[in-house]
Amino acid sequence: MKKTLLQLVQDILSASDGDEVNSIFDTVESTQVANIVRTTYEAMMTNRSWPHLEKLVTLTPSSDPSRPTHMYLPDNVKNLLSLNYNKSSGARREYQPVKWFDPDDFLRATNRENSTQPQVLTVVDPSGIEVLVRNDRAPTKFTSFDNKTLVFDAYDSSIESSLQASKVQARAEVYPTWENKDDFVPDLPAEAFPALFEEALSTASLRVRQVQDAKAEQNSARQQRWLSRNINRLEHGVKYPDYGRRGRKGHKDVTFRRD
């Protein structure tokens, strides 16, 4: 069952012989416990991938005409999972996958282009690196040199002056927001709330009460193991396409790690 921040704080205080409160701001102790719940929650969010946080996101195109194949990730993106681009200029949408390449692989591929040809442009990345891109077709591959700027291999100058945000389908895992309010409900599947409670209780017992709660630590470890085994099943399972390096087996997260 999902619980509000106040309910979590009240449960933790009750389990650790703390004072009863009607708000997370009632006492110094309740405020400390609320902060522990927050840091525990943020750690849970960064330590694993959560299918319920996968969203469609909008990229920001470069406003610099000298970088027509650059776009930017929103700040709240943790992992970029997949990307499609509409190569059509007409009424019919023609989305095609744009594949992630590691920077070295991307440069090896684009360096095969002949820079003396009119359909090949030399674009200077903000890092100062020159990248050869085509201006006669839609993009088919992309990379990033800084984990926030996406660099694509092409754009079609006959239909657009640069890559357009409105023509992108991007799916990503995003960081959830937090509100330090009594009625705030952490953005977790209901099945994960016991793990949040047990981990926060274990930490609060040590930091606030300065007493090690062996039972709380044992419960916390058990809940974390359960989540590790069942996290994808919480949302009926998600299979990620492999846009990563060739020659590796299994699913691969194509993300830019931002934690």
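Summarised in this report is the structure supplied together with it. Fair warning: this is a prediction, and the values are worked out from it, not measured in the lab.

To continue, consider the nonpolar core. In terms of nonpolar packing, the biggest core is built from 28 residues, with Ile 12, Val 37 and Leu 188 touching the most fellow members. Of all the secondary structure elements, the ones that give two or more residues to this core are helix H1 (5-15), helix H2 (28-47) and helix H4 (193-207).

So, about the environment of Ser 49. Summarising the element assignment, Ser 49 is placed in the loop between H2 and strand S1 (54-57). When the C-alpha atoms of Ser 49 and Asn 79 are compared, they prove to be 8.7 Å apart, with 30 residues separating the residues in sequence. Only 3.4 Å separates the side chain of Ser 49 from the side chain of Glu 173, close enough to count as a polar contact.

Attention shifts here to the sheet that holds strand S11 (residues 168-174). Read across the sheet, 4 strands follow the order S1-S11-S4-S5 without closing on themselves; strand pairing throughout is antiparallel. Because the sheet does not close on itself, it has two edges, and the strands there are S1 and strand S5 (95-97). Neighbour to neighbour, the strand axes of the sheet diverge by 35 degrees on average, direction disregarded. Here S1 runs beside S11; their pairing, made up of 4 bridges, is antiparallel. Looking across to S11, one finds that Lys 55 is bridged to Ala 172.

Attention now goes to the pairing of strand S10 (residues 149-152). Taking every second residue as pointing to the same face, both faces of S10 are buried, with Thr 149 and Val 151 on one and Leu 150 and Phe 152 on the other. Note that strand S3 (residues 70-72) and S10 share 3 bridges and pair antiparallel. From the neighbouring strand, His 70 faces S10, where its bridge partner is Val 151. The sheet contact formed by strand S9 (residues 141-143) and S10 spans 2 bridges and is antiparallel. Across the sheet, Phe 142 pairs through a bridge with Phe 152, a residue of S10. The turn joining S9 and S10, which pair antiparallel and follow one another in sequence, is formed by 5 residues; a positive phi near 70 degrees is taken by Asn 147.

Here we come to the packing of aromatic side chains. The description of two aromatic rings rests on the distance between their centres and on the angle between their planes. Overall, the coordinates contain 4 aromatic pairs when judged by the stated rule. Aromatic pair Trp 100 and Phe 142: ring centres 5.7 Å apart, planes at 65 degrees, arrangement edge-to-face. With a gap of 42 residues between them, Trp 100 in strand S6 (residues 99-100) and Phe 142 in strand S9 connect regions that are remote in the sequence. Assigned by exposure class, Trp 100 and Phe 142 land together as buried. The ring centre of Phe 101 lies 5.6 Å from the NZ or CZ of Lys 141, which sits over that ring.

A word on the sheet that holds S3. An order of S2-S3-S10-S9-S6 is seen for the 5 strands of this open sheet, with the pairing classed as mixed. Whereas interior strands pair on both sides, the edge strands pair on one side only; in this sheet they are strand S2 (60-61) and S6. Relative to S3, S2 is paired through 2 bridges, and the arrangement is antiparallel. Of the residues in S3, the one forming a bridge with Pro 61 is Met 71. Most of the contacts of helix H3 (residues 103-110) go to S9, to which it runs at about 135 degrees, and overall it touches S6, S9 and S10.

What follows is about the pairing of strand S8 (residues 130-134). Of all 5 residues in S8, 4 are buried; the element is thus mostly enclosed. Examined bridge by bridge, strand S7 (residues 120-124) and S8 share 5 bridges and lie antiparallel to one another. Directly across from Val 120, in S8, lies its bridge partner Arg 134.

Calculation rules
- Residues numbered from 1 in each chain as written.
- Predicted model: local features only at pLDDT ≥ 70, side-chain atom pairs only at ≥ 80, totals over all residues.
- Heavy atoms only, no water.
- Core = buried A, V, L, I, M, F, W, Y, C linked by side-chain atoms within 4.5 Å.
- Buried < 20%, exposed > 50% of the residue type's maximum accessible area, 1.4 Å probe, protein only.
- Helix = DSSP H or I, 4+ residues; strand = E, 2+ residues; numbered from the N terminus.
- Polar contact = N/O pair within 3.5 Å; in protein donor to acceptor, adjacent residues only side chain to side chain.
- Pairing = 2+ DSSP bridges.
- Axes fitted to C-alpha atoms, helices over the stretch in contact; angles between N-to-C directions.
- Phe/Tyr/Trp six-rings, centres within 6.5 Å; stacked < 30°, edge-to-face > 60°.
- Lys NZ or Arg CZ within 6 Å of the ring centre and 35° of its normal.
- Contact = heavy atoms within 4.5 Å.

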